[in-house]
Amino acid sequence: MENGVVRDGLCSTESVDGGRDVWSGKDSDSADHLVVMVNGILGSARDWKFAAEQFVKMLPDKVFVHCSVKNVSTLTLDGVDVMGARLAEEVLEVIQRNPNFKKISFVAHSVGGLVARYAIGKLYRPPEIRNLEEDPSTNICDKDLVGTIGGLEAMNFITSATPHLGSRGNNQVPFLFGLTALEKTASCVIHLIFRRTGRHLFLTDNDEGKAPLLKRMIEDHDDCKFMLALRVFKRRVAYSNAGYDHIVGWRTSSIRRNVDLPKWEDVNNEKYPHIVYEEHCKACDEQSETASVEDNSLDKIEEELVTGLSRVSWEKVDVSFHSSKVRFAAHSIIQVKDESAHIEGADVIRHMIDHFLT
């Protein structure tokens, strides 16, 4: 790393390729909690600059923030799996450079949330079986042990405006206005714009005859334990724009069916003026009753994604910038991608930090 900077009590280093680490204290060893921030499509590590600095300011000496650099600009078009593998390698490199880390959390925006989900599947490590005869002093039983992410205790997994259910059909991409003809056309041409990542988002990939990647990511495989990895985190949180996000729809980002979308009203909360609804959803048994769906393949896949991801508990936080003059930029405001243009989303970042397990 190079280009080290000390400002307002924060230390940061930025590499020539745009990677960014932020921490407080005299050196990076002062924090034992690694927070990995992941950008969305065509984004960069700088997209999380405001949030990274706020995390470190409000949680001094507790967190070390690493803004991912391995999937930026056009590299975000290589596919969720390729990006996820690169992110997993990057995280391991950061951990190796900082052996004092004991905990890990992820904060991801848009497609970055899918990339992070893939990466933790690669990073999942099963619990180590302890030999109680060799260490009779321990009071920990094997059944109490849990897996780790890259050898670290998994704490918070947070996504912001992430298309967990994909982007094809049923108004999952609002700027297509829910028109069937436009949505079908987009499914046919999206790969021309967003290449392999577009195929993954619109569920049109069938590598070697396999099911779409997003469907495979609600299962555990020999090389990727997607659901086991999600389950080991103490918290899983989905922040969603309830409106005016024309890139990622409310249902896909909040992992809900239409019938599950809550009704909300303006709230008078000075601390979090744009948080309009919060819901703690317990893990659902896969055998539990689900909403009926029409008999076509897209709805079946979407139902499978909702059901699969609901096997773990989620905190769902709904956000609205409907009264903002720049509300049509909601997809960026929720992240505060640019501090000067999107500062109205600062209360969402503060909400993340105030509820963050350290």
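Residues numbered from 1 in each chain as written. Predicted model: local features only at pLDDT ≥ 70, side-chain atom pairs only at ≥ 80, totals over all residues. Heavy atoms only, no water.

An unreviewed UniProt entry lists the protein chain under the name DUF676 domain-containing protein, from Cannabis sativa.

**Considerations on the packing of aromatic side chains**
Heads up, the rule is: Pairing of aromatic side chains here covers Phe, Tyr and the six-membered ring of Trp, requires ring centres within 6.5 Å, and sorts the geometry by plane angle: under 30 degrees stacked, over 60 edge-to-face, intermediate tilted. The secondary structure listing takes helices from DSSP runs of H or I that are at least 4 residues long and strands from runs of E that are at least 2 residues long, numbered from the N terminus. Each residue's exposure class comes from its accessible area (1.4 Å probe, protein chains only) as a fraction of the maximum for that residue type: buried when under 20%, exposed when over 50%, partly exposed otherwise.
Under the defined criterion, the tally for this structure stands at eight aromatic pairs. Consider the rings of Phe 55 and Phe 356, whose centres lie 5.1 Å apart with planes at 90°: the pair is edge-to-face. Placement of Phe 55 in helix α1 (residues 49–58) and of Phe 356 in the segment after α10 (346–354) is noted, with a sequence separation of 301 residues between them. Residue Phe 55 is classed as buried on the basis of its relative accessible area of 0%. Judged by its relative accessible area of 7%, Phe 356 is buried. An aromatic cluster of at least three residues, connected via ring pairs, comprises Trp 23, Phe 64 and Phe 101.

**Section: the packing of α1 against α10**
Spelled out, the test is: Only the stretch in contact is used when a helix axis is fitted, and all axes are lines through C-alpha atoms; the angle between N-to-C directions ranges over 0 to 180 degrees. Working rule for angles: under 35 degrees goes down as roughly parallel, over 145 as roughly antiparallel, 65 to 115 as roughly perpendicular, anything else as oblique. With the far helix as reference, a near helix turned anticlockwise by less than a right angle produces a left-handed crossing, and one turned clockwise produces a right-handed crossing. Throughout, a residue-residue contact means that at least one pair of heavy atoms, one from each residue, lies within 4.5 Å. Polarity classes work like this: nonpolar for Ala, Val, Leu, Ile, Met, Phe, Trp, Tyr, Cys and Pro, charged for Asp, Glu, Lys and Arg, and polar for all others, with Gly in that last group.
Interaxial distance between α1 and α10 falls to 10 Å at its minimum, and their mutual angle equals 40°. As far as their axial angle goes, α10 and α1 are oblique. Once α1 is placed against α10, the crossing between them reads as right-handed. Across the interface between the two elements, Phe 50, Ala 51, Gln 54, Phe 55 and Met 58 from α1 touch Ala 346, Ile 349, Arg 350, Met 352, Ile 353 and Asp 354 from α10. Counted by class, the contact of α1 with α10 contains eight nonpolar, one polar and two charged residues.

**Considerations on the pattern of salt bridges**
Cut-off, in case you're wondering: Salt bridges are identified by distance alone: a Lys or Arg side-chain nitrogen within 4 Å of an Asp or Glu carboxyl oxygen.
Following the criterion strictly, the structure yields 15 salt bridges and no others. Of the charged contacts in the structure, one is a salt bridge between Glu 53 and Lys 49, with a shortest N-O distance of 3.2 Å. One end of the pair is Glu 53 and the other is Lys 49, both in helix α1 and four residues apart, which spans about a single turn. Through salt bridges with shared partners, a single network forms among Arg 256, Glu 279 and Asp 318.

**Overview of α10**
Along α10, the residues that are buried comprise Asp 347, Val 348, Ile 349, His 351, Met 352 and Ile 353. Buried residues along α10 sit against α1, β6 (103–109), β9 (153–160), β10 (235–241), β11 (275–281) and β12 (314–319).

**Quick word on the environment of Phe 194**
You can see Phe 194 is positioned in helix α4 (residues 180–201). Here the alpha-carbon distance between Phe 194 and Gly 79, two residues 115 residues apart in the chain, equals 9.0 Å.

**Observations regarding the nonpolar core**
As a reminder, the rule being used: By nonpolar core is meant a set of buried Ala, Val, Leu, Ile, Met, Phe, Trp, Tyr and Cys residues that side-chain atoms within 4.5 Å join together.
In this structure, Leu 34, Leu 87, Val 91, Phe 106 and Ile 149 are the most contacted members of the largest nonpolar core, which totals 54 residues. Elements supplying a minimum of two residues to this core: β4 (33–38), α2 (80–97), β6, α3 (111–123), β9, α5 (213–216), α6 (226–232) and α8 (297–309). Top contributing element to this core by residue count: α3, with eight residues. Among the nonpolar cores identified, the runner-up in size contains 34 residues, and Val 35, Val 56, Val 65 and Ile 334 belong to it.

**Digging into the pairing of β6**
Spelled out, the test is: Strand pairing is assigned whenever DSSP detects at least two bridges linking the two strands.
Most of β6 sits out of view: seven of its seven residues are buried. Across six bridges, β4 lies against β6 in parallel orientation. The residue bridging Val 35 from the neighbouring strand is Ser 105, located in β6. As paired strands, β6 and β9 are joined by six bridges and run parallel to one another. Note on β9: the bridge partner recorded for Ala 108 is Thr 159.

**Some remarks on the pairing of strand β3 (residues 20–24)**
Summarising burial for β3: five of the five residues are buried, a large majority. Burial along β3 is two-sided: Arg 20, Val 22 and Ser 24 facing one way and Asp 21 and Trp 23 facing the other are all buried. With three bridges joining them, β3 and strand β5 (residues 63–67) adopt antiparallel strand pairing. Each bridged residue has a counterpart across the sheet, and for Asp 21 the counterpart in β5 is His 66.

**Some words on empty space enclosed by the protein**
Put simply, the rule is: The distinction between a cavity and a pocket rests on a 1 Å grid over the protein atoms alone: a 1.4 Å probe fits inside a cavity but cannot get out, while a pocket stays open yet meets protein on both sides within 12 Å along at least five of seven lines, and a residue with an atom within 4 Å of a point counts as lining. Grid points are joined across faces, edges and corners, and a volume is the space filled by probe spheres set on the points.
For the coordinates displayed, the defined rule picks out one cavity of 30 Å³ or more. Computed from the structure, the largest cavity encloses a volume of approximately 30 Å³. Taken together, Val 38, Asn 39, Gly 40, Ile 41, Asn 71, Thr 76, Met 83, Val 111, Gly 112 and Val 115 make up the full set of residues lining the largest cavity. When the residues that make up the lining of the largest cavity are grouped by side-chain class, the tally is five nonpolar, five polar and no charged.

**As for unusual backbone geometry**
One non-glycine residue with positive phi stands out, namely Ala 161, at about 55°. Residue class for Ala 161 comes out buried when judged on its relative accessible area of 0%.

**Considering the packing of α2 against α3**
Look at α2 against α3: their axes get within 7 Å of each other, and the N-to-C directions meet at 60°. In terms of their interaxial angle, α2 and α3 are classed as oblique. In the crossing of α2 with α3, the sense of the turn from one axis to the other is right-handed. Judged by residue contacts, Val 80, Asp 81, Met 83, Gly 84, Ala 85, Leu 87, Ala 88, Val 91 and Leu 92 of α2 engage Val 111, Leu 114, Val 115, Ala 116, Tyr 118, Ala 119, Lys 122 and Leu 123 from α3.

**Describing the environment of Asn 100**
Rule in force here: Two N or O atoms form a polar contact when they lie within 3.5 Å of each other; inside protein one atom must be a possible hydrogen donor and the other a possible acceptor, and for residues adjacent in sequence the pair counts only when both atoms belong to side chains.
In this fold, Asn 100 is placed in the loop between α2 and β6. Residue class for Asn 100 comes out buried when judged on its relative accessible area of 17%. Between the alpha carbons of Asn 100 and Asp 29 there is a distance of 6.4 Å; along the sequence they are 71 residues apart. At 2.7 Å, the side chain of Asn 100 and the backbone oxygen of Ala 31 are in polar contact.

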